[in-house]
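Each chain, letter by letter, is given below.
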Amino acid sequence: QVQLVESGGGLVQPGGSLRLSCAASGSGGSIYVMAWYRQAPGKQRELVAVIRSGDINYADSVKGRFTISRDKNTLYLQMNSLKPEDTAVYYCNAAQAFKDYWGQGTQVTVSS
């Protein structure tokens, strides 16, 4: 059982920066994989970045601009050079054993 609490979303101007955080808590074993997803209105949810034991992968659209990191069970997403197309609800995801857990989501809006 994992509970995920996200923070850091908000309104930012194009070219600005924002850092999202996700705190995982609970019991039932180790969290092996943590990831960030996002979903814009009218679009499918997409994987933004995933981290596992130092192995990191990013969506092509955010490479060079976003950085995912993990400190034990706290996940971060540093977002730089933000673009309007980055506007979406960002979700934290964690995998424990054979189950996936999701945060409630945090809104990121990039607009001038």
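In this text the structure is predicted, and so the values were computed from the model without any measurement. (Residues numbered from 1 in each chain as written. Predicted model: local features only at pLDDT ≥ 70, side-chain atom pairs only at ≥ 80, totals over all residues. Heavy atoms only, no water.)

**Details of the pattern of salt bridges**
Here is the rule: Only one rule defines a salt bridge in this text: a Lys or Arg side-chain nitrogen within 4 Å of an Asp or Glu carboxyl oxygen. Secondary structure elements are defined from DSSP: runs of H or I of at least 4 residues count as helices, runs of E of at least 2 residues count as strands, and each element is numbered from the N terminus. Exposed residues in this analysis have more than 50% of their type's maximum accessible area, buried residues have under 20%, and partly exposed residues fall in between, with area computed by a 1.4 Å probe over protein chains only.
Within the structure shown, the criterion is met by four salt bridges. Between Arg-65 and Asp-86 there is a salt bridge; the shortest N-O distance is 2.8 Å. With a gap of 21 residues between them, Arg-65 in the loop between β6 (55-58) and β7 (66-71) and Asp-86 in the loop between β8 (74-79) and β9 (88-96) connect regions that are remote in the sequence. Pair check on accessibility: Arg-65 and Asp-86 agree, each one buried. Three or more residues joined by partner-sharing salt bridges are found here, namely Arg-38, Glu-46, Arg-65 and Asp-86.

**Re the nonpolar core**
Let me state the cut-off plainly: What makes a nonpolar core is a set of buried Ala, Val, Leu, Ile, Met, Phe, Trp, Tyr and Cys residues whose side-chain atoms join them at distances within 4.5 Å. The contact criterion used throughout is that any non-hydrogen atoms of two residues lie within 4.5 Å.
Of all hydrophobic cores here, the largest spans 29 residues; its most connected members are Leu-4, Met-34, Trp-36, Leu-77, Met-79 and Tyr-90. Taken together, the elements giving at least two residues each to this core come down to β1 (2-7), β3 (18-26), β4 (31-39), β5 (46-52), β7, β8, β9 and β11 (106-110). Ignoring sequence-local partners within four residues, the contact set of Leu-4 consists of Cys-22, Ala-23, Ala-24, Met-34, Cys-92, Asn-93, Ala-94, Tyr-101, Trp-102 and Gly-103.

**Brief notes about the packing of aromatic side chains**
We count it as follows: Each Phe, Tyr or Trp ring (for Trp, its six-membered ring) is paired with any other whose centre lies within 6.5 Å, and the angle between the two planes then decides the class: stacked below 30 degrees, edge-to-face above 60, tilted in between. Criterion for a charge above a ring: Arg CZ or Lys NZ at most 6 Å from the ring centre, at most 35 degrees from the ring normal.
What the rule picks out here adds up to one aromatic pair. Geometry around Tyr-91 places Arg-45 over its ring, the cationic atom sitting 4.4 Å from the centre. The aromatic ring of Trp-102 is capped on one face by Arg-45, whose charged end is 4.4 Å from the ring centroid.

None of the figures reported here should be taken as evidence of function without further support.
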